[in-house]
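The lines below spell out each chain.
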Amino acid sequence: MNKITTLLFAVALVWGVTESAFAGNPDRQGEAGAAQLLLNPWAESAGLHSMTTSFVSGVEAMRINVAGLSRINKTEVQIGHGRYLEGTDILLNGLGVSQKVGESGAIGISLMSVDFGDIPVTTTDQPGGTGSTFSPSFFNLGIGYAHTFENKISVGVLFRGVSESIADVNAFGFALDAGVQYVTGENDNFKFGIALRNIGGRMQYGGEGLTTQGPSPNNGGYELTFNQRAADFELPSMLNIGLSYDFLITGGTHRITVLGNFTSNSFSQDQVGGGIEYSLKDFFMVRGGYRYEFGAGDADTFDDPIYTGLSAGATIAVPLGKDTPESRASRFAIDYAYRTTRVWNGTHNIGVRISI
């Protein structure tokens, strides 16, 4: 328990230092970059507005609360796909693998990319387009480890590389996530989680694309190449605190989980929300949530959050073997989620999971 106490203190200390240096308030909204770190390609957690801090497990935990990475049977492989803001043709793709290490630990790797499609190239001389296209490359790769102590407390840490580029301009940085989950109750039905996400150094764009041609300042009749330095930017750090309770009916055949979650954002308004999930033997699940951002809907605001509102999702799982309590952890599952958005036509997520 001394190790756990030390880790909890370290997480609180790191967050305290972060908040003092990057105190979150709406006046700083838009100052952070690498917004891809706020996107979620996984359908199961997206159905609850990514508010599953207290009980997320496996591959999805590397996006929400890495402490849940160790709460798997043995191996989990997951593929996720999202249509971000339907109508924009922006796609999210995710791939992750988690593997048990020993009796209580697990290691995982997760990759997410953003597909912007083909964007026409325009210039000052040809504002209607040159006939060619380009496609930005945005992706992040995370490697995490989590350990569960006596099946009650899980702790985890994740390191993530973040890359954003086009043909002649790029930026790269590193981010750190850390999290804790606590499970208690007669049937382990009360869960609490805290996750610190996207802590890292500043990023800055560079490359040949930031150079321009201009006349010599000495009027020498020749042109010089000037390099423009881009401003650096911070990562969208946040703190998530969540809790949930499982109501088990008829010996656990039916489960109703209620949850609440609070998010403290360093570069935007804080968020609060809740949700509910119904499960039939963990083979069929439906879920829904609502998230509210403080300050949303105020008069004369143009920066209202995209995802304030409702979310919903469902899961169908097929056991990979005989239906016994021991074998239910081995299954193939299909997840779907939809989140309403303030603009465009919402975001759709679909994914498949194999757990053995």
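First, a word on scope: everything that follows refers to the structure included in this document. Quick caveat: nothing in here was measured; it's all calculated off a predicted structure.

Analysis parameters
- Residues numbered from 1 in each chain as written.
- Predicted model: local features only at pLDDT ≥ 70, side-chain atom pairs only at ≥ 80, totals over all residues.
- Heavy atoms only, no water.
- 1 Å grid on protein atoms, 1.4 Å probe; cavity = no way out; pocket = protein on both sides within 12 Å on 5 of 7 lines; lining within 4 Å.
- Points joined across faces, edges and corners; volume = space filled by probe spheres on them.
- Helix = DSSP H or I, 4+ residues; strand = E, 2+ residues; numbered from the N terminus.
- Nonpolar A, V, L, I, M, F, W, Y, C, P; charged D, E, K, R; others polar.
- Phe/Tyr/Trp six-rings, centres within 6.5 Å; stacked < 30°, edge-to-face > 60°.
- Lys NZ or Arg CZ within 6 Å of the ring centre and 35° of its normal.
- Salt bridge = Lys/Arg side-chain N within 4 Å of Asp/Glu carboxyl O.
- Buried < 20%, exposed > 50% of the residue type's maximum accessible area, 1.4 Å probe, protein only.

**Observations concerning empty space enclosed by the protein**
Piece 1. Enumeration according to the criterion identifies one cavity of 30 Å³ or more in this entry.
Piece 2. In this structure, the largest cavity encloses a volume near 30 Å³.
Piece 3. Of all elements in the fold, only helix 3 (61–64), strand 8 (170–184) and strand 9 (190–199) reach the threshold of two or more residues within the lining of the largest cavity.
Piece 4. At four residues, the largest contribution of residues to the lining of the largest cavity is made by helix 3.
Piece 5. Its residues placed into classes, the lining of the largest cavity shows seven nonpolar, two polar and three charged.

**Overview of the packing of aromatic side chains**
Piece 1. Within the structure shown, the criterion is met by five aromatic pairs.
Piece 2. Seen in terms of ring centroids, F116 and F138 are 5.0 Å apart; in terms of plane orientation they differ by 75 degrees. Their pairing is edge-to-face. Here F138 lies in strand 6 (residues 137–149) and F116 lies in the loop between strand 3 (105–115) and strand 4 (119–120), a separation of 22 residues in the sequence.
Piece 3. The ring of Y307 carries R339 above its face, with NZ or CZ at 4.7 Å from the centroid.

**Here's the deal with the pattern of salt bridges**
Piece 1. Applying the stated criterion across every chain yields a total of 13 salt bridges.
Piece 2. Note that E86 is salt-bridged to R83, the shortest N-O span being 3.0 Å.
Piece 3. For D188, the salt bridge is made with K152, and the minimal N-O distance between the two is 2.9 Å. Here D188 is found in the loop between strand 8 and strand 9, whereas its partner K152 is found in the loop between strand 6 and strand 7 (153–165), with 36 residues between them in sequence.
Piece 4. With a relative accessible area of 24%, D188 lands in the partly exposed category.
Piece 5. Since its relative accessible area comes to 30%, K152 is described here as partly exposed.
Piece 6. A cluster of three or more residues bridged by salt bridges with shared partners is formed by E44, R255, E277, D282, R287, D335 and R353.

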